[in-house]
Amino acid sequence: MLKNKSIRIFYMVMSIFLMTHCSSVKKDLSEEKFLNPTTEYRPLALWPWLNGFVDTTKIVYELEQMHDKGLRGAVIWDIGSLADPDKIIPEGPAFLGKQSLNNISIALKTSKKLGLDLGMVASSSWNAGGEWVDSTHASMQLLSTSHLVEGPGTKKITIGIPESQWGETKTFSRITSIAVPYSDSGIIDTNINKTILLDDFISEGKFINWQVPEGKWEVLTFFMCNTGQNLVCPSPKSKGLVIDHLSYLATQSHFDSIISRLSSISTPDNHLKFFMLDSYEVWQMKDWSPRFIQEFKARYQYNPIPHLPLLLGHNCKDSVFAERFRGDYSRLVSDMMIENHFAQSVDIAEKNGMKMLTEAGHGGSPRVDPLKALGNSHIPMGEFWNRKRHWVTKEAASAAHIYGKKTVAAESLTGWNHWQHGPTDFKQLIDIAFCEGLNQVVFHTFDHNPEIAGKPGFAYHAGEHVNANATWWPYARPFMDYIARCSYMLRQGNFVGDACLYYGDQAPNLVPPRRIDPNIKPIFTEDKCLHCGDTKPVDAGDLPGYSYDYINADIISNALISNDGKLVLPSGQSYKVMLLPDRNDISLEVLKSLEKLVFDGAVVIGPKPERTPSLKNYPSCDLEVKEIAGKMWGNCDGEKILSNKYGKGTVYWGKSVKEVLEELNIPPDFEAQGIDNCDYHIDFIHRQTETEELYFISNSSPASEKITGIFRVDQNMIPEIWDAETGLIQRDVVYSKVKNGISIELQLEGLSSRFIVFRNNSTRKNDAGLNYDLQFGFNKKQKVTEVSPIDLGANWEINFDANMGAPKSHHLEKLTSWSDIGHEGIKYYSGAANYKRNFTVAKEAISKKVDAFVVFEDVQEIAQVKLNGNDCGIIWTPPYKANITPFLKQGTNEIEVQVVNAWNNRILGDLRNPNKKSYTNTNVKYKFNPNSSLLKSGLIGNAEIIFYKD
């Protein structure tokens, strides 16, 4: 943790060193790694072992499939089945018992053999805990009892047992007893002189013998109580208590218990690579821990006991006073949880040669400053959902950027759309998350399926089931390679952001997503967090073309310096301006740091603060805030006077971030001109190495867009287009120099993306094998007028798998969705079908100067094209095209297209015909509505072969 001046000095020295020395270090992108990304850039997957039950043969098979399709590895997730009404999933062994360890050992040995990375969620289900947790280390809460007494007179008051909203309180200990003047309204006087401590009057631990002064008094006794909360949904034989996440000893004991069990199957050269902490979902309560009072006094330098009633339903006359105390309490909960759980787990993992993958952000029921919590992990992890609003990826990315972490993970594609979507739909959402900062996909989920499960098989209650039972799994390699190439590129250099947004030091806190799934309508307005609906802690307004990160008190106070007018971090990450929250309080430590930053040249935007949010050193702390703010803001009032020079820097108040950037002559980093982009469907993220500028440009709309992209780069640089789908590079790019950088026209097909890489030198020669113009698409090439396109929209023979209820073959007059065909076996079919037909090619089409493409209007979900028995590749993104030039011959040609849809239609068919043979088996079939619409499947619409000149 960053706690003291020596650490701050270290970071300052490192920042200066980096800025003065890194220019001599050349770090070029690797074209080879882009084409063939190594394991570390490939997607991971959560690997649920439902009910702890596994088939060891299938463990090996599934790991082999992960390797074959290009995954990095898996995170074992022992968990109970939340969705198994018919109890078809057997019970497995207790988590980390003898048989469980044997299963993990098999997975470890297989992963080692295959070169995969294997991790494990650090509990059965989630939240740290297990059968090894006793009441000493279990989660704690603050509770109280209350008695009304009237004096004067001697009273013997029975303390009683505190009541919990979750049932009988079995394990508890008294913290303190106090008396406060009684008020019918619940308003108390928090003046310490009005509160009477009663600890000296306790007898037998059960009674208070007290000489009551005149008047009515409320006697409050506060207790530290076990909540009794168990793991959320452990496998049946793995139940146990959740730990006290605020306790250093509880975290240490928890991981000691896990690691000691794993030691029997681990070796120095073969052990788990990761522990994972899933989202924090402990019951909402007043958190407590044995050392809470001591820590509070040490950090805030006052006694919290007289003010404890403010945590349990009482208010005080001074609402700001109450707000300060509750803020101090919440900040301490956050700090203790971060230091004693998240940060300590990182230390424990490191000592055991592992990394900690941590979902510590504002999904679930967080208590923390999420940036600080995520920064105290090896790999910060967010989440994003399919067809749901739960997007928390920007938070993890900001944490990674400000804490110097290269990898940003996300629980990816969580949702309840079982087997309705495939790689094309997933790519749309992953690309949006890439623009948020994601560079490590962790699929939610790759469910383990024993042989008895059938197909589509066992499934966790949520997730999009990216596993070996997916119909499209045999064709998944290009999808995985695409993700890996993007992840490689998006870990290079540093993120380019113009602004950092300070979100205050309150806890819990949040970083709102920039965007969420565009297929759903947001339920919250733009001024609220689109994920949770809370008010944004700091709002930069609309900033088209500019990127930003959120930043916290920890980094401002301990790591940030000002250099050449920029706000700079030890990693080299920098920003041009900082925005403060629109509020009148600020941490005194943060304000002191801001004063130095601005004096040294930084630009800060925000209102003049008047007080601190804490009772620490109150009221003198407020006087200090006013003194420092008076110097920094000067006569700036946010209305008539909108800025003030202080030292080398400037403070603005009353201007937006966009207005200040424009005043500083900082143009947008990227502009998509020529279109209406108010919904940001043309999105971007920019990273910068020592020698390159790297932009990822995404079109999340299904419609093709022609744009003019303006990139804020050195005009002497040369652009190249890197295609993550193929790994090939187009260096012959048409561009022009403009006022603010370089202008490039781009044709972005629906759901497409491009990397635009600017370098100081380029060969200007395209990669061999690049047969499609990445800048202009088909628009660049000239159609061969001597040869007409060949219409393939009719007369196909389709072969189905008759074992899935379809006829062995079917003749199609025209390409139409299987769901629109009258035959029930086809309408409800799920799986692969083979399309086949012949066509004739004239002599004029066979030329070295002519390229031939087969193009389909729509493919649901994925297809593999063969011409005359030769593989022409897998097509899964618009335009659904395959280059068939090398295998085309004069005369008769045979084209085959193997098309795969999703499981949805076959499941619906089984539900609609309960008295007929069922072709599917799954524990989540009940989640399907038989009245739901069937999904489009197969080749749909127009299809043709088109000829182009080189």
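Caption draft 1: Representation of the overall build of the protein chain within the structure. Each helix and strand in the protein chain was counted, giving 17 helices and 48 strands. In terms of overall size, the protein chain behaves like a compact globule, its C-alpha atoms giving a radius of gyration of 31 Å where 950 residues would be expected to give roughly 30 Å. When burial is assessed residue by residue, the protein chain has 61% of its 950 residues classed as buried. In the protein chain, of all internal contacts separated by at least 6 residues, the share reaching a separation of at least 24 is 78%.

Caption draft 2: Quick look at the pairing of strand E47 (residues 891-900). Where strand E42 (residues 832-841) lies against E47, ten bridges are found, and the strand directions are antiparallel. Its bridge partner lying in E47, Asn 838 is registered against Glu 894. Where strand E44 (residues 862-867) meets E47, six bridges bridge the pair, whose relative direction is antiparallel. Directly across from Lys 866, in E47, lies its bridge partner Glu 896.

Caption draft 3: Region of interest: the packing of helix H13 (residues 588-599) against helix H14 (residues 620-633). One can describe the packing of H13 onto H14 by two numbers: an axis separation of 10 Å at closest approach and a directional angle of 20°. Overall, the two elements H13 and H14 adopt an arrangement that is roughly parallel. Both H13 and H14 take part in a crossing whose hand is left-handed. Residues Leu 588, Leu 591, Lys 592, Leu 594, Glu 595 and Val 598 of H13 pack against Cys 621, Glu 624, Val 625, Ile 628, Ala 629, Lys 631, Met 632 and Trp 633 of H14.

Caption draft 4: Structural detail: the pattern of salt bridges. One pass over the structure, following the stated rule, counts 43 salt bridges. Residues Glu 131 and Arg 261 are paired through a salt bridge, measuring 2.9 Å at the closest nitrogen-oxygen approach. Of this pair, Glu 131 sits in the loop between strand E4 (129-130) and strand E5 (140-158) while Arg 261 is found in helix H5 (residues 248-262), placing the two residues 130 residues apart along the sequence. When salt bridges with common partners are traced through the structure, they connect Glu 31, Glu 692, Glu 720, Arg 731, Arg 759 and Asp 767 into a single cluster.

Caption draft 5: Quick peek at the sheet that holds strand E30 (residues 682-688). Strand order in the open sheet formed by six strands is E19-E30-E31-E37-E33-E34, with antiparallel pairing between adjacent strands. Every other strand in the sheet has two partners, leaving strand E19 (494-495) and strand E34 (729-730) as the edge strands with one partner each. By the bridge criterion, six bridges tie strand E31 (residues 693-699) to strand E37 (residues 753-759) in an arrangement that is antiparallel. Following the sheet pairing, Glu 693 is matched in E37 by Phe 758.

Caption draft 6: Molecular detail of empty space enclosed by the protein. This model, assessed by the stated rule, comprises seven cavities of 30 Å³ or more. Put simply, the largest cavity is a space of about 90 Å³. Looking at the largest cavity, it is lined by 14 residues, and the ones nearest its centre are Asn 127, Ala 128, Leu 277, Asp 278 and His 341. When contributions to the lining of the largest cavity are tallied by element, the ones reaching two or more residues are strand E12 (274-277) and helix H7 (319-351). For the lining of the largest cavity, the per-class residue count stands at eight nonpolar, five polar and one charged. When grouped by side-chain class, the residues that make up the lining of the second largest cavity number four nonpolar, three polar and three charged.

Caption draft 7: Expanded view of helix H3 (residues 56-69). The end-to-end C-alpha separation of H3 is 20 Å, in line with the 20 Å expected for 14 residues at 1.5 Å each. Every buried residue of H3 is accounted for by Lys 58, Ile 59, Glu 62, Leu 63, Gln 65, Met 66 and Lys 69. Take H3 and look down its axis: the buried residues cluster within an arc of 155°, on one side only. Turning to H3, the residues buried within the fold contact strand E1 (44-50), strand E2 (73-79), helix H4 (98-114) and helix H11 (477-489). Between the side-chain oxygen of the N-cap and the backbone nitrogen of Thr 57 there are 3.0 Å, and the N-cap of H3 in question is Asp 55. Looking one or two residues beyond H3, the residue adopting positive phi is Gly 70, at roughly 90°.

How each quantity is defined
Residues numbered from 1 in each chain as written. Predicted model: local features only at pLDDT ≥ 70, side-chain atom pairs only at ≥ 80, totals over all residues. Heavy atoms only, no water. Helix = DSSP H or I, 4+ residues; strand = E, 2+ residues; numbered from the N terminus. Rg over C-alpha atoms; globule rule 2.2 N^0.38 Å. Buried < 20%, exposed > 50% of the residue type's maximum accessible area, 1.4 Å probe, protein only. Contact = heavy atoms within 4.5 Å. Pairing = 2+ DSSP bridges. Axes fitted to C-alpha atoms, helices over the stretch in contact; angles between N-to-C directions. Parallel < 35°, antiparallel > 145°, perpendicular 65-115°, else oblique. Left-handed = near helix turned anticlockwise from the far one by under 90°. Salt bridge = Lys/Arg side-chain N within 4 Å of Asp/Glu carboxyl O. 1 Å grid on protein atoms, 1.4 Å probe; cavity = no way out; pocket = protein on both sides within 12 Å on 5 of 7 lines; lining within 4 Å. Points joined across faces, edges and corners; volume = space filled by probe spheres on them. Nonpolar A, V, L, I, M, F, W, Y, C, P; charged D, E, K, R; others polar. Expected span 1.5 Å × (residues − 1). Arc of directions from axis to C-beta. Polar contact = N/O pair within 3.5 Å; in protein donor to acceptor, adjacent residues only side chain to side chain.

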